Amino acid sequence: MSANDLFTPVQLFNHELKNRFVLAPLTRGRAGIARIPNDTMGDYYEQRATAGLVIVEATLISEEGTGWVDSPGIYTDEMTAGWKTIVNRVHAQNSKVVLQMWHCGRASHSDFHNGRKPLSASAIKIDNDQIHTPESKKHYEVPKAMSKDDITRTMADFKNAAIKAKEAGFDGIEVHAANGYLINQFLDGVSNQRDDEYGGSIENRMRFLKEALAEVLDVFPAESVGVRISPNGVFNAMGCDDYQALYIEVVKYLNQQKIGYLHIMDGLAFGFHKRGEPMTLNDFRPLFDQVIIGNCGYDFESATQAIASGQADMIAFGRPYISNPDLPARYQHGLPLAEHSDVTHWYGGGAEGYSDYPAYKAE
């Protein structure tokens, strides 16, 4: 695909997006214990609809998929209504908006599930790390390996979430297959040591992703669906020896499905498993014909280079967007970036450090 720079329009979802900026899905924990999207979240997303594409934070497809305090869901009518209000506010700013579907899998704790173990591909826990639960910070636990019934039920959850996302007016769906969450746990041989049709070979380990994607494609057309992958990622204890062969096959399959975009965590800002050389956009560009979104650690210079070279069609910005809701204008006009607040405001709370950052004003 041809490209000029970050400020030129791009075709996605059979629409022309106003620029090539993407608001990355940032998990901010503002939905409260009911997990219903609210007006404060609406303020945040409306302010950052300066991006041509807004990908809202990872959103739980079911109560069973929970693993993050105060994160939003998309499995009840009340959640759907809350998201609908936010979608309308983003659309009023002439931006498109996508919901990222999330199931935490083993990156969870029994505190979220009334004492029941979280689910995963295999009964292998995340070692040497802790999780913030509704009770306190605790070590991860050994999860329950999903049964066939568990998998069938979870596939129904994916479809239900897609249906509710369509009811809320989202322009598309992003299937979260990255960062060590449930789908990634099936893809990666470190966390998937099953001996049935969902484990072992690369083809078998891809089966869970294929089935989840099929549920979404029953609801949304292929051009309105994206998938996020993190081939280099070590977050949540990922990283298998055959990662290069695995992700080449994953991307080939996604290209065959003619999905609208591929969202690649190609940077190393979240860590690198060091199982070989990092995979770059250059590895995937020849394999994928539609829109590629690069993500993880981009600044204006590196983003501009990725667009100009054709390696990516859009670039997702996360942390720079926290304190700069008008990020595209600041980059375009050479304006200074505001510093983001300390990490204590990143997760949970109210408007402070979230929706209270102003657009640039000259002194």
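Here the structure is a predicted model, which means the values were calculated and not measured.

Definitions and cut-offs
- Residues numbered from 1 in each chain as written.
- Predicted model: local features only at pLDDT ≥ 70, side-chain atom pairs only at ≥ 80, totals over all residues.
- Heavy atoms only, no water.
- Core = buried A, V, L, I, M, F, W, Y, C linked by side-chain atoms within 4.5 Å.
- Buried < 20%, exposed > 50% of the residue type's maximum accessible area, 1.4 Å probe, protein only.
- Helix = DSSP H or I, 4+ residues; strand = E, 2+ residues; numbered from the N terminus.
- Contact = heavy atoms within 4.5 Å.
- Pairing = 2+ DSSP bridges.
- Axes fitted to C-alpha atoms, helices over the stretch in contact; angles between N-to-C directions.
- 1 Å grid on protein atoms, 1.4 Å probe; cavity = no way out; pocket = protein on both sides within 12 Å on 5 of 7 lines; lining within 4 Å.
- Points joined across faces, edges and corners; volume = space filled by probe spheres on them.
- Nonpolar A, V, L, I, M, F, W, Y, C, P; charged D, E, K, R; others polar.
- Phe/Tyr/Trp six-rings, centres within 6.5 Å; stacked < 30°, edge-to-face > 60°.
- Lys NZ or Arg CZ within 6 Å of the ring centre and 35° of its normal.
- Arc of directions from axis to C-beta.
- Polar contact = N/O pair within 3.5 Å; in protein donor to acceptor, adjacent residues only side chain to side chain.
- Right-handed = clockwise from strand over helix to strand, strands pointing away.

With respect to the nonpolar core
Step number 1: Ranked by internal contacts, the top residues of the largest apolar core, which has 84 residues, are Tyr45, Trp83, Phe208 and Phe317.
Step number 2: Per-element accounting of this core gives the leading share, seven residues, to helix α7 (residues 243-256).
Step number 3: Excluding residues that lie within four positions of it along the chain, Phe317 makes contacts with Leu6, Phe21, Val22, Leu23, Ala24, Tyr298, Asp299, Ala303, Leu327 and Tyr331.
Step number 4: Within the second largest apolar cluster, 14 residues are counted, among which are Leu53, Val98, Tyr261 and Ile293.

A word on the sheet that holds strand β13 (residues 291-295)
Step number 1: Spatial ordering of the closed barrel is given by β3-β4-β5-β10-β11-β12-β13-β14, a layout of eight strands whose pairing is parallel. On average, adjacent strands in this sheet sit at an angle of 25° to one another, irrespective of strand direction.
Step number 2: Pairing of strand β10 (residues 172-176) with strand β11 (residues 225-229) involves four bridges; the strand directions are parallel. In the strand pairing of β11, Val175 is matched with Val227.

A few points about empty space enclosed by the protein
Step number 1: Per the stated rule, a full pass over the model turns up two cavities of 30 Å³ or more.
Step number 2: Here the largest cavity defines a volume of roughly 130 Å³.
Step number 3: Asn179, Ser230, Asn232, Gly233 and Val234 are, among the 20 residues lining the largest cavity, the residues nearest its centre.
Step number 4: Considered class by class, the residues forming the lining of the largest cavity number nine nonpolar, 10 polar and one charged.
Step number 5: What the second largest cavity holds in volume is close to 40 Å³.
Step number 6: Around the second largest cavity, the lining residues are Met101, Trp102, His103, Phe158, His176, Tyr181, Leu182 and Ile183.
Step number 7: Counting only elements with at least two residues in the lining of the second largest cavity, the list comes to β5 (96-102) and α4 (182-187).
Step number 8: Across the lining of the second largest cavity, the residue classes break down as six nonpolar, two polar and no charged.

As for the layout of surface pockets
Step number 1: Taken as a whole, the largest pocket spans an internal volume of roughly 1200 Å³.
Step number 2: If you list the elements that add at least two residues to the lining of the largest pocket, you get β5, β7 (130-132), β14 (314-317) and α10 (319-323).
Step number 3: Class assignment of the residues belonging to the lining of the largest pocket gives a composition of 27 nonpolar, 12 polar and six charged.

Looking at the packing of aromatic side chains
Step number 1: A complete count under the given rule lists 19 aromatic pairs for this structure.
Step number 2: Pairing Tyr44 with Tyr45 gives two aromatic rings, centres 5.0 Å apart and planes at 80°, and the pair type is edge-to-face. Comparing Tyr44 with Tyr45, the two get one shared label, buried.
Step number 3: Ring geometry for Trp68 against Trp102: centres 6.1 Å apart, planes inclined by 55°, an arrangement best described as tilted. Separated by 34 residues along the polypeptide, Trp68 in the loop between β4 (53-60) and α2 (77-91) and Trp102 in strand β5 bring together distant segments of the chain.
Step number 4: Just above the ring of Tyr253 sits the side chain of Lys210; from NZ or CZ to the centre is 4.7 Å.

Topic: helix α6 (residues 207-217)
Step number 1: Listed in full, the buried residues belonging to α6 are Phe208, Leu209, Ala212, Leu213 and Val216. Buried positions in α6, seen along its axis, are confined to an arc of 130° and lie on one side of it.

Digging into helix α9 (residues 300-308)
Step number 1: For α9, the set of buried residues is Ala303, Ala306 and Ile307. Taken down its axis, α9 places every buried residue within 95° of arc, on the same side. Residues of α9 that are exposed and point over 90 degrees away from its buried face: Glu301, Gln305 and Ala308.
Step number 2: Contact partners of the buried residues in α9: α8 (281-284) and β14.
Step number 3: Taking the backbone nitrogen of Glu301 as reference, a side-chain oxygen 3.3 Å away marks Asp299 as the first, capping residue of α9.

So, the environment of Ser309
Step number 1: As for its placement among the helices and strands, Ser309 is situated in the loop between α9 and β14.
Step number 2: You can call Ser309 partly exposed: its relative accessible area is 47%.
Step number 3: For Ser309 and Asp5, which are 304 residues apart along the polypeptide, the C-alpha to C-alpha distance reads 9.6 Å.

Description of the pairing of β11
Step number 1: Burial within β11 is extensive, with five of its five residues counted as buried.
Step number 2: Burial along β11 is two-sided: the residues Val225, Val227 and Ile229 and Gly226 and Arg228 are all buried.
Step number 3: Handedness of the β-α-β unit built from β11, α7 and strand β12 (residues 261-265) comes out right-handed.

Geometric values such as these leave the question of function open.
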